[in-house]
Amino acid sequence: MDDVKRWPRPADDAERVAALRALGVLDSPEDEDLEAVIRVATYVCGVPSAAVNLIDEDRQWQAAAYGVKRGEASRDDSMCGWSILQPGVTYTPDASHDAVFSENPFVTGQLASVRLYASAPVVIASGYVVGSLCAFAEEPGQLSKTQMDRLADLAATTARILELRQTIGTVAQAAVTDPLTSLRNRAAFAEALRRALGLYGQGVGRPGVLYLDLNGFKPVNDTYGHHAGDAVLRAVAGRLLGSVRETELVARLGGDEFAVLVQEPTAAHIHDRLSAIAARITERLAPPIVLDDGVAVSVGAAIGLALAEPSDTPDGLLDRADAAMYAVKVPGHRVAQGGRR
């Protein structure tokens, strides 16, 4: 980009970008509320197009767009990459004659042919400007102070919508997360299992479940206290996550019981995959867990395996995996299978 200006970066840009990403809205589907805001922005400003542009580290991503196709662009190509650096509304009646924007690719015809351009910063509660609400046209034009003030009001509304989405996402995440280990909880596992069985009913893959119960956990609690037991559960959670792929779900069902959900194309695939995961879990749990005070403790796991059947319900499949896990308690067994292969 030798022929493109590089917009300045504020001193706290890393923190600004972190605040933007913490909103959890980047690369998300279209948002009806934001689309409503930009439709109002076009009406207020009397222009055909508007967008909510969020400025990431090196790109501009459009959370909503009206009158143009939604997409992303280089931050240094973006007109809003400049406007987020300015206090208040950035406005030019004809960008082709503007000292800042005249050579910008969104003005020259390389990417677009913007003339009238107005951009109000989207400022979240922490004070960071995460992007802008801009209104624009391919013809020169004039905006009144009242129009620009209302555009700023809409930008403030945009910020509140983004923060509301973050709050909703945080609450939803908490509802499906085990607070001690940060794994999915029983309710989330049951819902994922329900979806997997639904896909199986449509001929898409076959689900399987591993059910784990820790061996040697109670003596840790009894000897060193619940604080040590909690540390062990967190360590086990980390080792379980290290034993699976990103597409495979690990959950804490409660106490010292965990489960893994996997979906593979066929019975042979799913059985082999679950067996491989069980072996890896056994291997990863073998080394001692060192507590904060330097004490090393050891735990293992009894692991039960169950493959989905066409008539299975989520509870039924989990119960069979649970029953298979208890069969492992028989001396000489490590992994048992519940139900037909």
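Parameters at a glance
Residues numbered from 1 in each chain as written. Predicted model: local features only at pLDDT ≥ 70, side-chain atom pairs only at ≥ 80, totals over all residues. Heavy atoms only, no water. Helix = DSSP H or I, 4+ residues; strand = E, 2+ residues; numbered from the N terminus. Rg over C-alpha atoms; globule rule 2.2 N^0.38 Å. Buried < 20%, exposed > 50% of the residue type's maximum accessible area, 1.4 Å probe, protein only. Areas by Shrake-Rupley, 256 points an atom, 1.4 Å probe, with all protein chains shown as cover. Lys, Arg positive; Asp, Glu negative; His and termini not counted. Charge placed at Lys NZ, Arg CZ, Asp CG, Glu CD. Polar contact = N/O pair within 3.5 Å; in protein donor to acceptor, adjacent residues only side chain to side chain. Salt bridge = Lys/Arg side-chain N within 4 Å of Asp/Glu carboxyl O. Pairing = 2+ DSSP bridges. Axes fitted to C-alpha atoms, helices over the stretch in contact; angles between N-to-C directions. 1 Å grid on protein atoms, 1.4 Å probe; cavity = no way out; pocket = protein on both sides within 12 Å on 5 of 7 lines; lining within 4 Å. Points joined across faces, edges and corners; volume = space filled by probe spheres on them. Nonpolar A, V, L, I, M, F, W, Y, C, P; charged D, E, K, R; others polar. Core = buried A, V, L, I, M, F, W, Y, C linked by side-chain atoms within 4.5 Å. Contact = heavy atoms within 4.5 Å.

Novice: Outline the overall build of the protein, listing residues and values.
Specialist: The number of helices and strands found in the protein is 10 helices and 13 strands. For the protein, the C-alpha radius of gyration of 27 Å lies well beyond 20 Å, the compact-globule estimate for 341 residues. The dimensions of the protein, computed from C-alpha atoms along their principal axes, are 85 × 50 × 35 Å. Residues counted as buried form 48% of the 341 residues belonging to the protein. With the model as given, the accessible surface of the protein reaches about 16400 Å², and the carbon-plus-sulfur share is 54%. Charge centroids of the protein, computed over 33 positive and 44 negative side chains, lie 5 Å from each other.

Novice: How would you summarise the side chain of Asp13 if you had to cite specific residues and measurements?
Specialist: Checked against the element boundaries, Asp13 lands in helix α1 (residues 13-22). Reaching out from Asp13, the side chain makes a polar contact with the side chain of Arg75 at a distance of 2.9 Å.

Novice: Talk me through the pattern of salt bridges; I want residue IDs and the actual numbers.
Specialist: Inspection of the entire model under this criterion finds 25 salt bridges. Here Arg9 makes a salt bridge to Asp58, at a shortest N to O gap of 3.7 Å. Remark: Asp58 occurs in the loop between β1 (49-55) and β2 (59-66) and Arg9 occurs in the segment before α1; sequence separation between them is 49 residues. The exposure class assigned to Arg9 is partly exposed, which follows from its relative accessible area of 24%. By relative accessible area, Asp58 is classed as partly exposed at 47%. Ionic pairing is found between Glu72 and Arg59, a salt bridge with its closest N-O pair at 2.9 Å. Of this pair, Glu72 sits in strand β3 (residues 72-74) while Arg59 sits in strand β2, placing them 13 residues apart in sequence. Shared partners join several salt bridges into a network, and the residues in it are Arg21, Asp27, Asp56, Glu57, Arg59 and Glu72.

Novice: Could you give me a rundown of the sheet that holds strand β6 (residues 129-136), with the residues and numbers involved?
Specialist: Pairing is antiparallel in the open sheet, where 6 strands are placed in the order β3-β2-β1-β6-β5-β4. Looking along the sheet, the strands with just one partner apiece sit at the ends: β3 and β4 (90-92). Strand-to-strand twist across the sheet, computed as the mean angle between neighbouring axes with direction ignored, equals 20 degrees. Strand direction decides the pairing type here: β1 and β2, joined by 6 bridges, are antiparallel. By the bridge assignment, Ala50 is partnered in β2 with Tyr66.

Novice: Any details on the pairing of strand β7 (residues 206-215)? Residues and values, ideally.
Specialist: The buried fraction of β7 is high, at 9 of 10 residues. The pairing of β7 with strand β9 (residues 257-264) spans 8 bridges and is antiparallel. Residue pairing for β9: Leu210 is matched across the bridge by Val260. Two strands pair when backbone bridges link them, and β7 and strand β12 (residues 300-307) are joined in this way by 8 bridges, in the antiparallel orientation. Its bridge partner lying in β12, Leu210 is registered against Leu305.

Novice: Talk me through the layout of surface pockets; I want residue IDs and the actual numbers.
Specialist: Here the largest pocket is characterised by a volume of approximately 450 Å³. Surrounding the largest pocket, 23 residues form its lining, Gln62, Val68, Phe106, Ala112 and Phe136 being those nearest its centre. If you list the elements that add at least two residues to the lining of the largest pocket, you get β1, β2, β3 and β6. Here the lining of the largest pocket is built from residues that sort into 13 nonpolar, 6 polar and 4 charged.

Novice: Help me get a handle on the nonpolar core, residues and values and all.
Specialist: Counting 34 residues, the largest nonpolar core has Leu23, Val52, Leu54, Val130, Leu133, Leu151 and Leu162 as its most contacted members. Of all the secondary-structure elements, those providing two or more residues to this core are α1, α2 (32-45), β1, β2, β5 (117-123), β6 and α5 (145-175). By residue number, the principal contributor to this core is α5, which donates 7 residues. If sequence neighbours within four positions are ignored, Leu151 has contacts with Ala41, Cys45, Val89, Ala118, Ser119, Ala120, Leu133 and Ala135.

Novice: Give a detailed account of unusual backbone geometry, specifying residues and quantitative values.
Specialist: The backbone of Asp27 shows a phi angle near 65 degrees, a positive value even though the residue is not glycine. Take Asp27: it is sitting in the loop between α1 and α2. Despite not being glycine, Ser182 has its phi angle at roughly 65 degrees, a positive value. Tracing the chain through its elements places Ser182 in the loop between α5 and α6 (186-201).

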